[in-house]
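One-letter residues, chain by chain:
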Amino acid sequence: MRPDGQEPTPHTDASTAARRRRTFAVISHPDAGKSTLTEALALHAQAIGEAGHINGKSGRRHTVSDWMSMEQARGISITSASLQLTYRDTVLNLLDTPGHADFSEDTYRVLAAVDAAVMLIDAAKGLEEQTMKLFAVCKHRGIPIITVVNKWDRPGREPLALMDEIARRTGLTPTPLTWPVGIAGDFRGVLERDTASYVGFSATAGGAHVAPEVRLAPEAAAEREGEAWTTCAEESDLLAASGADHDQEAFLAGVSTPVLFAAAVKNFGVGRLLDTLVDLAPPPGPREDRSGRPRPVDAPFSGYVFKLQTGMDTAHRDRMAFVRVCSGVFRRGTVVTIARTGKPFATKYVQRTFGQGRDVVETAYPGDVVGLVNASALQIGDSIYTDEPVEFPPLPTFAPEHFAVARAKDVGRYKQFRRGITQLEAEGVVQVLRSDLRGDQAPVLAAVGPMQFEVAEHRMADEFGSPVDLERLAYTVARRTDRESASDLSAERGVEVLQRADGDLLALFPDEWRVRSVQRSLPDAELESLVAT
Ligand code: G4P
């Protein structure tokens with residue numbers, strides 16, 4: 001295989017290629033080390049020569065994820081690009097989830113396109129808020145999770161206490177594959193629990209090269225590490241006695257999570273994560289269509305759009321649609337059919353986002369992500385195929401927590417305003433909620449993260465020629481309701497009912513406390529939590 005992950009011949013069949021693919025995302029709270037880990041994975045997999053070339057904080061302004069001017073101004077990543085690595089003859093597709101605190105629905109939608117997730121936690125902080133939110137989506141979708149405890153080179157919690165926290169807060173049984181030798185802040189190496197051997201790490205200057213490892217039998221490890229080894233071995237026995245050994249079926253069923261210890265910044269434990277992805281993470285499998293019928297990976301080409309990005313190239317106002325390949329072999333130039341419209345779409349320009357540049361993709365296989373350029377005919381969630389028609393289930397919508405009324409600054413440009421809002425809604429940039437009371441001129445924009453509003457505002461002015469005023473509303477919770485309950489709910493103080501494009505009626509509340517008090521006064525009212533479906 002070539003280093004760019006493309007097969008040496010364009011004739012590899014889809015199921016052979018699928019078996020050698022792992023498509024995953026890293027879920028974490030900002031600052032847990034996702035960018036550092038991404039660089040370290042790329043370094044180990046030899047996608048790049050030295051850490052710091054991809055997504056590095058210093059160079060981030062110019063890396064490929066930073067398409068939009070807004071992103072460049074902030075030096076953060078809003079878009080979800082993918083990184084393709086090859087390791088042990090396996091292609092790893094790492095889908096990027098924006099790590100910023102103001103993350104958005106894009107982050108969640110990426111999770112609809114992966115087969116596994118790496119949950120990265122900071123050894124000192126444990127499970128943080130955003131990790132828990134992302135975890136909830138993975139759990140709901142049955143995505144198997146590998147846990148990595150990062151920053152073990154810094155003072156942190158007791159490893160057993162961290163395992164307790166994982167079990168208590170996620171409901172998953174942690175099954176450590178490695179166990180740290182040395183407390184957090186004194187990371188000497190790990191006990192590899194399946195082989196009972198010791199893997200010792202040594203640092204390299206700046207962590208820029210693959211860290212050398214020594215492998216020792218238990219006796220030699222005891223001699224070298226003394227007390228630290230004894231404690232580690234005892235704790236590992238304790239784990240075994242409490243049933244915390246890896247069980248592949250339980251992992252794939254979302255019941256347990258293998259755990260690794262790492263210090264991404266020093267490249268410690270990173271190789272083991274790559275091995276774990278290759279050995280344990282599931283390859284792309286058959287994907288169910290709308291009617292629940294699985295489409296095998298060797299069926300003719302099919303895929304769906306999980307992300308749209310406009311304005312990556314300001315000169316061309318291009319729109320790129322990121323497609324996850326579900327079945328078959330994708331070849332550049334193929335004319336695919338868009339399931340929603342039945343119309344053909346010529347895939348003349350196809351790119352894979354990788355490192356600093358965008359390469360042209362010639363072929364792609366199940367599990368891969370390709371970017372289709374000039375994709376103005378495509379919408380978020382669209383299925384595309386050749387030969388045998390297929391329509392995959394719609395992408396999930398997520399519970400919005402931020403709400404704002406949008407009004408055209410210039411009422412004379414109402415036509416542009418309406419076109420822009422409709423377009424942003426179709427692309428899934430924001431959810432749009434409407435009611436007779438508010439009317440068409442003042443729809444409510446709903447978002448998972450407030451940055452979605454900034455994107456909407458920017459695009460309304462720049463792209464659709466209708467600058468908007470956004471008036472933030474004091475709601476933070478949305479619940480799905482029905483027609484019968486709607487009028488009673490609307491009569492409650494501080495509650496408003498609006499309709500989303502998918503037909504769902506959403507009741508908005510200032511906070512959870514208000515939800516509970518309304519539920520008490522209207523016990524028969526339908527108030528369903530919005531979780532990813
Ligand atoms: P993020 O993408 O999840 O937001 O995190 P990022 O990789 O940017 O890492 C956040 C900070 O944590 C960075 O420090 C990074 O160097 C540090 N870090 C990541 N992994 C480890 C680790 O294993 N051990 C230790 N000790 N630190 C780690 P920073 O000071 O914010 O930035 P920088 O100036 O070091 O780049």
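What counts, and at which threshold
- Residues numbered from 1 in each chain as written.
- Predicted model: local features only at pLDDT ≥ 70, side-chain atom pairs only at ≥ 80, totals over all residues.
- UniProt positions renumbered as here; feature names shortened; annotations may be inferred.
- Helix = DSSP H or I, 4+ residues; strand = E, 2+ residues; numbered from the N terminus.
- Expected span 1.5 Å × (residues − 1).
- Buried ≥ 20, exposed ≤ 12 C-beta atoms within 10 Å, placed from the backbone.
- Arc of directions from axis to C-beta.
- Near = placed C-beta within 6 Å.
- Nonpolar A, V, L, I, M, F, W, Y, C, P; charged D, E, K, R; others polar.
- Core = buried A, V, L, I, M, F, W, Y, C linked by C-beta atoms within 7 Å.
- Contact = placed C-beta atoms within 7 Å.
- Pairing = 2+ DSSP bridges.
- Axes fitted to C-alpha atoms, helices over the stretch in contact; angles between N-to-C directions.
- Parallel < 35°, antiparallel > 145°, perpendicular 65-115°, else oblique.
- Right-handed = clockwise from strand over helix to strand, strands pointing away.

The protein chain goes by Peptide chain release factor 3 in an unreviewed UniProt entry, where it is assigned to Georgenia halophila. Turning to the protein chain, the UniProt annotation filed under Function (unreviewed entry) states: "Increases the formation of ribosomal termination complexes and stimulates activities of RF-1 and RF-2. It binds guanine nucleotides and has strong preference for UGA stop codons. It may interact directly with the ribosome. The stimulation of RF-1 and RF-2 is significantly reduced by GTP and GDP, but not by GMP." Regarding the protein chain, the UniProt comment filed under Sequence similarities (unreviewed entry) reads as follows: "Belongs to the TRAFAC class translation factor GTPase superfamily. Classic translation factor GTPase family. PrfC subfamily."

Trainee: Looking at this structure, I do not really get helix H8 (residues 227-241). What am I missing?
Mentor: In an α-helix, one turn spans 3.6 residues, which is why side chains three or four residues apart end up on the same side. With 15 residues, H8 should cover 21 Å at 1.5 Å per step; its first-to-last C-alpha distance of 21 Å lies within 8% of that length. Within the span of H8, buried status applies to Trp 229, Cys 232 and Leu 239. Looking straight down H8, one finds its buried side chains confined to an arc of 85°; they lie on one side. Away from the buried face of H8 by more than 90 degrees, exposed residues Glu 227, Glu 234, Asp 237, Leu 238 and Ala 241 are located.

Trainee: Any chance you could explain the site of the ligand here in plain terms?
Mentor: Close to the ligand lie 17 residues, the nearest being Gly 33, Lys 34, Ser 35, Thr 36 and Val 265. Across the shell around the ligand, the residue classes break down as five nonpolar, six polar and six charged.

Trainee: When you look at the nonpolar core in this model, what are you seeing that I'm missing?
Mentor: Side chains of a nonpolar character, in soluble globular proteins, are inclined to be buried together. In terms of nonpolar packing, the biggest core is built from 137 residues, with Leu 111, Val 114, Ala 117, Ala 262, Val 323 and Leu 445 touching the most fellow members. The residues touching Leu 445, leaving out its near neighbours within four places in the chain, are Ala 404, Ala 406, Val 430, Val 432, Phe 453 and Ala 456.

Trainee: Sorry, what's going on with the sheet that holds strand E11 (residues 256-261) here?
Mentor: The pairing of strands in a sheet happens through backbone hydrogen bonds and is either parallel or antiparallel. Here we have seven strands laid out as an open sheet, ordered E2-E3-E1-E4-E5-E11-E6, and mixed in their pairing. At either margin of the open sheet sits one strand with a lone partner, and together these are strand E2 (82-87) and strand E6 (173-176). Between one strand axis and the next, the sheet turns by 30° as a mean value, whatever way the strands run. Packing against the sheet, helix H10 (residues 270-280) makes contact with strand E1 (21-28), E2, strand E3 (90-95), strand E5 (145-150) and E11, and its axis sits at approximately 155° to E11.

Trainee: For this particular structure, what's the right way to read the sheet that holds strand E8 (residues 189-192)?
Mentor: With antiparallel pairing, the four strands of this open sheet are ordered in space as E7-E8-E9-E10. With one partner strand each, in any of the chains shown, strand E7 (178-181) and strand E10 (213-216) form the two edges of the open sheet. Along the sheet, successive strands turn relative to each other by an average axial angle of 25°, direction set aside. Inspection of the sheet shows strand E9 (residues 197-201) paired to E10 by four bridges, in the antiparallel sense. Directly across from Val 199, in E10, lies its bridge partner Arg 215. Contacts between helix H7 (residues 218-225) and the sheet are confined to E7, E9 and E10, with E10 contributing the most and set at about 120° to the helix.

Trainee: Before we go on, may I ask you to explain unusual backbone geometry in this structure?
Mentor: Peptide bonds are mostly trans, and most non-glycine residues show a negative phi. Phi is positive for Asp 31, close to 85°, though the residue is something other than glycine. You will see that Lys 151, though not glycine, has its phi angle at about 65°, which is positive. Examined against the element boundaries, Lys 151 turns out to sit in the loop between E5 and helix H6 (159-170). Lys 151 gets classed as buried once you count the C-beta atoms within 10 Å, which come to 26.

Trainee: Before we go on, may I ask you to explain the packing of helix H2 (residues 34-44) against H10 in this structure?
Mentor: The angle between the axes and the distance between the axes are what describe a pair of packed helices. Following both chains from N to C, one finds H2 and H10 inclined at 75°, their axes separated by 9 Å at the closest point. By the angle between their directions, the pair H2 and H10 is classed as roughly perpendicular. Every residue of H10 that contacts H2 at Ala 40, Leu 41 and His 44 is listed here: Val 270, Gly 271, Leu 273 and Leu 274.

Trainee: I tried to follow the UniProt feature "binding site: GTP" (unreviewed entry) in the protein chain on my own but got confused; where do I start?
Mentor: The positions that UniProt labels "binding site: GTP" (unreviewed entry) are, in the present scheme, Asp 96, Thr 97, Pro 98, Gly 99 and His 100. Its place among the elements puts Asp 96 in the loop between E3 and helix H4 (105-110).

Trainee: Hey, could you run me through the pairing of strand E4 (residues 116-122) in this one?
Mentor: A regular strand carries its side chains on alternate faces of the sheet. The element E4 is largely enclosed, with a buried count of seven among its seven residues. Because side chains alternate across E4, one face comprises the buried residues Ala 116, Val 118, Leu 120 and Asp 122, and the other comprises Ala 117, Met 119 and Ile 121, equally buried. Summarising the sheet, E1 and E4 pair through five bridges and their orientation is parallel. Of the residues in E4, the one forming a bridge with Ile 27 is Met 119. At this point the chain moves from E4, through helix H5 (residues 129-140), to the parallel E5, and the crossover so formed is right-handed.

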